[in-house]
Structure formats: structure tokens, C-alpha cells
Amino acid sequence: PGPRQGRVRGGLPRTEGGRRAGKEEQYLEIVCRGAEGLTAPIGNVLDFAARERGQTKYALEGRRLEDGVGQALDTFRYRVEREGTEVQLDVLGALPPVRIDEQAIVLALVNLLDNAVKYGQRTPITVSVEHVRDYVQVRVRDRGPGLSDDALEQAFDAFYTTKEAGSGMGLGLSISFNIIEDFGGHLTAANHPEGGGLFAMILRPAEAPDAAPMVAE
């Protein structure tokens, strides 16, 4: 896999013996976690504002989707550690490149991970990536109580949330949905047959011609 760019890395001066001073290292960790924690909220607000002005722009290129998933997991590391949630990544077989904007796909995936942690009640999360027939699919599943009928119907509506006021803006899933639609793909919400919420992101390979509508499996 290619290099991951989601983490904030520092270069504080080292003490004699090549070790960072204890306090400096602690401060660096605090800064890193804070910066990582702001990634999705800031990205969502900027994306929403750009859409409202009709100024959404992408740098679309053929890229490895698994690299974007890895970068999103790196970016989301702080939240997983803080919540004590287990995340398993399964890349199932060889994958063709897909035509995406790297920064936008990472934001879309981080929002799905955030939703799984938020509503999955700290249950294990599985992220799977695979080539299914004529498209590439990413599935994010938690083992929580799943989605209500209202949530299934309104999950991708801007500002929709089932959390109390102050715990989120309700923009994440809406932003992810619009990003994937802009890439010519689809994002779906469902309840897994064995329990928990399941979000499926499906995208066509970069070289694939337009074909029949894509359906998540």
C-alpha cells in the first residue's frame, strides 16, 4: 500500500540520548489528538458551506480505495483509542483503482467511522473493502442496536441526528452521501441481518463505463 498521510507527526527537539523530554512528548500527543479530532467537523462545515454556494470542487483521479480507507483509519485513530473500540479492516482480494478525490473520500469514510462509534455503543466495527462484480464496495458495520425506521429514512438528511443537542451537527452522513454521489457512486444504510448498523459505499472502477444501477450487497 502507498503512504498514509492522515496522521499529524511532530519533530520536537530531542534530549541527550535521543529521547524526547517527557512533558514535550505529552504535549505533542495532546496536540496530535486535538488536531485529529477536528478533522471531520471542520471538513464537514467547509464542505457544506461550499455546497451551499455551489462551489464544490474535486481533484478526481484513479486511486487505490484501500489507501483512502487506511488513511481514514489513521485519521480516526484518536477516537478509537479514546472510546476503546476495536476496528477490524478486511481488504478482500485485489481491487481496481476508482476515480475519487483523495481528501474527500477520507472525509466521507471518517464520517462513517464516527457514526459507527457514536451509535454502535463501543461495539466492534468491521470495515471491509472488496471488488463485487462491476464495482468496488466499502462496508462499515457496527454491532450496536441498529437503525430505527426513522433513522433509515432520514440518515442522509442534513442536520438529522438522534443525539442530544450539542453532541453533533448531524452533517456527517449527509456530507458522505453527497461526496459519493458526486463520484458517481452510492451510499446506503441498512441493518445487518446479525445486528448492528451497516453502511455500504459503492463506486465504479476508474475505467468502467456507465452501466446498470449499482446495488450494495
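Predicted model only: the values in this text are computed from it and were never measured. (Residues numbered from 1 in each chain as written. Predicted model: local features only at pLDDT ≥ 70, side-chain atom pairs only at ≥ 80, totals over all residues. Heavy atoms only, no water.)

Participant: Please clarify how the nonpolar core should be interpreted in this entry.
Facilitator: As a rule of thumb, soluble globular proteins bury nonpolar side chains together. Leu65, Ile105, Ile180, Met201 and Leu203 are the most contacted members of the largest nonpolar core, which has 39 residues in total. Put simply, the parts of the chain that give this core at least two residues each are helix 2 (65–75), strand 3 (98–100), helix 4 (102–119), strand 4 (125–132), strand 5 (135–141), helix 6 (172–182) and strand 7 (197–203). The element that contributes the greatest number of residues to this core is helix 4, accounting for 11 residues. With residues up to four places along the chain from it excluded, the contact list for Met201 reads Ile105, Ala108, Leu109, Leu112, Val136, Gln137, Val138, Ile180, His186 and Leu187. (Core = buried A, V, L, I, M, F, W, Y, C linked by side-chain atoms within 4.5 Å. Buried < 20%, exposed > 50% of the residue type's maximum accessible area, 1.4 Å probe, protein only. Helix = DSSP H or I, 4+ residues; strand = E, 2+ residues; numbered from the N terminus. Contact = heavy atoms within 4.5 Å.)

Participant: How should the pattern of salt bridges be read in this particular structure?
Facilitator: A side chain with one charge may pair with a side chain of the opposite charge, provided their charged atoms come close. All chains considered together, the criterion is met by 11 salt bridges. Measuring nitrogen to oxygen at the nearest pair gives 3.6 Å for the salt bridge that ties Arg82 to Glu83. Between Arg122 and Glu83 there is a salt bridge, and its shortest N-O distance comes to 3.1 Å. Taken together, the residues Arg122 in the loop between helix 4 and strand 4 and Glu83 in helix 3 (residues 77–83) connect sequence positions 39 residues apart. The exposure class of Arg122 is exposed, given its relative accessible area of 56%. Each of the salt bridges in this network shares a partner with another, and the network as a whole consists of Arg79, Arg82, Glu83, Asp114, Lys118 and Arg122. (Salt bridge = Lys/Arg side-chain N within 4 Å of Asp/Glu carboxyl O.)

Participant: Would you mind showing me how to read the packing of aromatic side chains here?
Facilitator: Ring pairs (aromatic) are described by centroid distance and by the angle formed between their planes. A complete count under the given rule lists 3 aromatic pairs for this structure. Both rings, one in Phe156 and one in Phe177, keep their centres 5.0 Å apart while their planes meet at 25°; by these two values the pair is stacked. Separated by 21 residues along the polypeptide, Phe156 in the loop between helix 5 (149–154) and helix 6 and Phe177 in helix 6 bring together distant segments of the chain. Relative to Phe199, the ring of Phe156 has its centre 6.1 Å away and its plane inclined at 80°; by these criteria the two rings are edge-to-face. (Phe/Tyr/Trp six-rings, centres within 6.5 Å; stacked < 30°, edge-to-face > 60°.)

Participant: So what exactly am I meant to see when it comes to the environment of Pro145 here?
Facilitator: Topologically, Pro145 is positioned in the loop between strand 5 and helix 5. When the C-alpha atoms of Pro145 and Tyr119 are compared, they prove to be 7.9 Å apart, with 26 residues separating the residues in sequence. In this structure Pro145 touches Tyr119 and Gln121, once residues within four positions along its chain are discounted.

Participant: Just checking my understanding: could you explain the sheet that holds strand 5 for this structure?
Facilitator: Hydrogen bonds between backbone atoms are what pair the strands of a sheet, whose relative direction is either parallel or antiparallel. Here 5 strands make up an open sheet; going across it, the order is 2-4-5-7-6 and the pairing mixed. One side of each edge strand has no neighbouring strand; the edge strands of this open sheet are strand 2 (87–92) and strand 6 (186–191). The average undirected angle you get between the axes of adjacent strands in this sheet is 15°. Note that strand 6 and strand 7 share 6 bridges and pair antiparallel. By the bridge assignment for strand 7, Thr188 is matched with Ala200. The sheet contacts of helix 4 involve strand 4, strand 5, strand 6 and strand 7, and relative to strand 7 the element is tilted by about 170°. (Pairing = 2+ DSSP bridges. Axes fitted to C-alpha atoms, helices over the stretch in contact; angles between N-to-C directions.)

Participant: Hey, could you run me through a negative patch on the surface in this one?
Facilitator: A cluster of acidic residues, Asp149, Asp150, Glu153 and Asp157, forms a negative patch at the surface. Topologically, Asp157 is positioned in the loop between helix 5 and helix 6. (Patch = residues over 30% accessible without salt bridge, like charges linked within 9 Å, V, L, I, M, F, W, Y side chains within 5 Å. Areas by Shrake-Rupley, 256 points an atom, 1.4 Å probe, with all protein chains shown as cover. Lys, Arg positive; Asp, Glu negative; His and termini not counted. Charge placed at Lys NZ, Arg CZ, Asp CG, Glu CD.)

Participant: So what exactly am I meant to see when it comes to helix 6 here?
Facilitator: For an α-helix, 3.6 residues make a turn, and residues three or four places apart therefore share a direction. Within the span of helix 6, buried status applies to Gly172, Leu173, Ser174, Ile175, Ser176, Ile179 and Ile180. Backbone geometry just after helix 6 places Gly184 at a positive phi near 85°.

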